[in-house]
Amino acid sequence: MGDSTTVERDFVEEASRIVEQAKELQDAASSLISRTTREEDSLRQKAKSLDSSVQQLRSSVRKSKLDSNQAEKLEEELFKASYVLSEGDAAAFLPSKSHGGFLRMFLGPINVRANRKDVQLKVKEEYNSFRDRTAYLFLLFPSVLLVLRSWMWDGCLPALPVQLYQAWLLYLYTGLALRENILRANGSDIRPWWIKHHYCAMAMALISLTWEIEREPDCSQKQRGVQLFLKWAIMQGVAMLLQNRYQRQRLYTRIALGKARRMDVVWGETAGVDGQLLLLFPVLFILQGFEAYVGVLLLKTAFIGVVSEWQVITCGILLIIMAVGNFANTVQTLVTKSRVKAKMKRGAIMLL
């Protein structure tokens with residue numbers, strides 16, 4: 001009986017000791033969180049103030065009438081300060097960019113900014129891996145559909161395979177847009193147009209799901225727009241493979257030179273060195289021209305009454321908008337690269 005009482009007392013004491021340790025741990029954790037929160041708030045204020053000072057001084061230097069060499073040196077120093085802020089551990093304390101309505105619509109009002117740099121880099125690597133995987137599928141799907149059209153379907157595409165492909169396109173462009181918005185929230189310098197381009201592509205894929213794929217009679221004429229769109233998709237797949245192959249090489253070079261940040265994404269028309277761009281730029285311009293041609297053809301088929309559904313008109317307009325936007329951004333990139341080259345040549349001449 002006495003042994004039983006002793007064992008019971010030991011259990012009670014052990015339980016009391018564990019409860020006391022849990023309370024002590026809770027108090028220590030609360031104290032640490034409170035102290036860390038205060039320190040983080042202080043660091044956020046300092047980071048915000050320093051970033052604002054860098055931006056203000058940079059603006060003042062650009063507006064001033066300083067000697068060009070002196071202004072350039074100041075720009076380089078300010079860029080170094082900005083790079084340290086945006087790429088170092090202090091980047092976690094900078095104000096995050098607005099998440100935008102697209103992320104709020106899909107994810108709600110949650111914070112998607114990663115505080116740890118390794119997590120941010122994993123987000124970017126996953127984005128690049130997603131683009132690599134989908135580029136091959138982008139090329140494969142329309143190729144298979146066109147081959148089966150000739151070999152098995154007597155020149156007429158059935159509705160279901162085409163609509164499955166359009167559903168996959170909707171998933172692809174939605175996935176890209178979500179990932180790009182998250183990257184921008186984490187400090188990436190993705191051009192806003194490319195995200196808007198994917199919004200247009202999402203709308204087109206969604207609308208095309210409701211587009212009735214006509215078969216007999218005269219399906220070859222009624223499916224002319226669909227066939228051209230699939231051929232354009234094959235060209236787009238080839239361009240995506242070239243973009244993905246060259247962009248990483250170029251981005252890593254720019255990071256090594258201090259001209260880009262690790263969270264930046266170099267899109268197709270900015271990727272590659274000069275020899276690579278000689279191949280990539282013509283492919284992009286041909287692709288953009290063909291995209292506009294398919295859009296015009298869809299509008300033409302609607303206006304002459306071959307296929308007069310509203311989906312045809314809307315998809316044609318969206319294709320033309322995307323082609324014009326892509327062309328304008330590509331030309332803008334060419335102009336920017338020309339200016340940078342001219343500036344580098346002037347600097348080399350002055351050094352000589």
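Here the residue numbers are simple positions, counted from 1 along each chain's written sequence. Local features in this predicted model are restricted to residues whose pLDDT is 70 or higher, and side-chain atom pairs enter the listing and the counts only when it is 80 or higher, whereas totals over whole chains, interfaces and linings include all residues. With hydrogens and water stripped out, all remaining heavy atoms of the structure feed into the side-chain values.

Our next topic: the nonpolar core. Joining through side-chain atoms within 4.5 Å is the link that ties buried Ala, Val, Leu, Ile, Met, Phe, Trp, Tyr and Cys residues into a set, and such a set is a nonpolar core. Relative accessible area decides the class of each residue, using a 1.4 Å probe on protein chains only: under 20% of the type maximum gives buried, over 50% gives exposed, and in between gives partly exposed. Core analysis: the biggest nonpolar cluster contains 50 residues, and Phe138, Tyr165, Leu169 and Val294 have the highest contact counts within it. Note on conventions: DSSP H or I runs of at least 4 residues are helices, E runs of at least 2 residues are strands, and numbering of each starts at the N terminus. Put simply, the parts of the chain that give this core at least two residues each are α3 (100–107), α4 (117–151), α5 (159–185), α6 (192–208), α8 (224–256), α9 (274–303) and α10 (310–351). With 11 residues, the single largest contributor to this core is α5.

Here the focus is the pattern of salt bridges. Whenever Lys or Arg places a side-chain nitrogen within 4 Å of a carboxyl oxygen from Asp or Glu, that contact is recorded as a salt bridge. The final tally for this structure, using the stated rule, is three salt bridges. Here glutamate 14 makes a salt bridge to arginine 17, at a shortest N to O gap of 2.3 Å. Here glutamate 14 and its partner arginine 17 are both found in helix α1 (residues 2–63), three residues apart, which amounts to about one turn of the helix. A relative accessible area of 36% means that glutamate 14 is categorised as partly exposed. The salt bridge partner of glutamate 126 is arginine 179, with a shortest N-O separation of 2.9 Å. Here glutamate 126, found in helix α4, pairs with arginine 179, found in helix α5; they are 53 residues apart in sequence, far enough to count as distant. For glutamate 126, a relative accessible area of 32% corresponds to the partly exposed category.

To continue, consider the UniProt feature "transmembrane region" (unreviewed entry) in the chain. Look at the UniProt record and you will see "transmembrane region" (unreviewed entry) annotated at residues 134–152, 164–182, 265–290 and 310–335. As annotated, residues 134–152 comprises 95% helix and 0% strand, and the C-alpha atoms at either end are separated by 26 Å. Taken end to end, residues 164–182 has its terminal C-alpha atoms 27 Å apart, with 100% of it in helix and 0% in strand. UniProt positions are given in the numbering used here, feature names are shortened, and annotations may be inferred rather than shown by experiment.

Moving on: the packing of aromatic side chains. Geometry of aromatic contacts follows a simple scheme: Phe, Tyr and Trp rings, the Trp one being its six-membered ring, pair when their centres are within 6.5 Å, and the pair is stacked under 30 degrees between planes, edge-to-face over 60, tilted otherwise. Counted according to the given criterion, the structure contains 10 aromatic pairs. An angle of 50° between the planes, with centres 4.9 Å apart, marks the rings of phenylalanine 102 and phenylalanine 106 as tilted. In this pair, phenylalanine 102 and phenylalanine 106 both sit in helix α3, four residues apart, roughly one turn of the helix. Among the residues examined, phenylalanine 102 registers a relative accessible area of 10% and is labelled buried. A centroid spacing of 4.9 Å and a plane angle of 35° characterise the contact between phenylalanine 102 and tyrosine 199, whose relative ring orientation is tilted. Linking phenylalanine 102 in helix α3 with tyrosine 199 in helix α6, this pair joins segments that are 97 residues apart in sequence. The class for tyrosine 199 is partly exposed, based on a relative accessible area of 29%.

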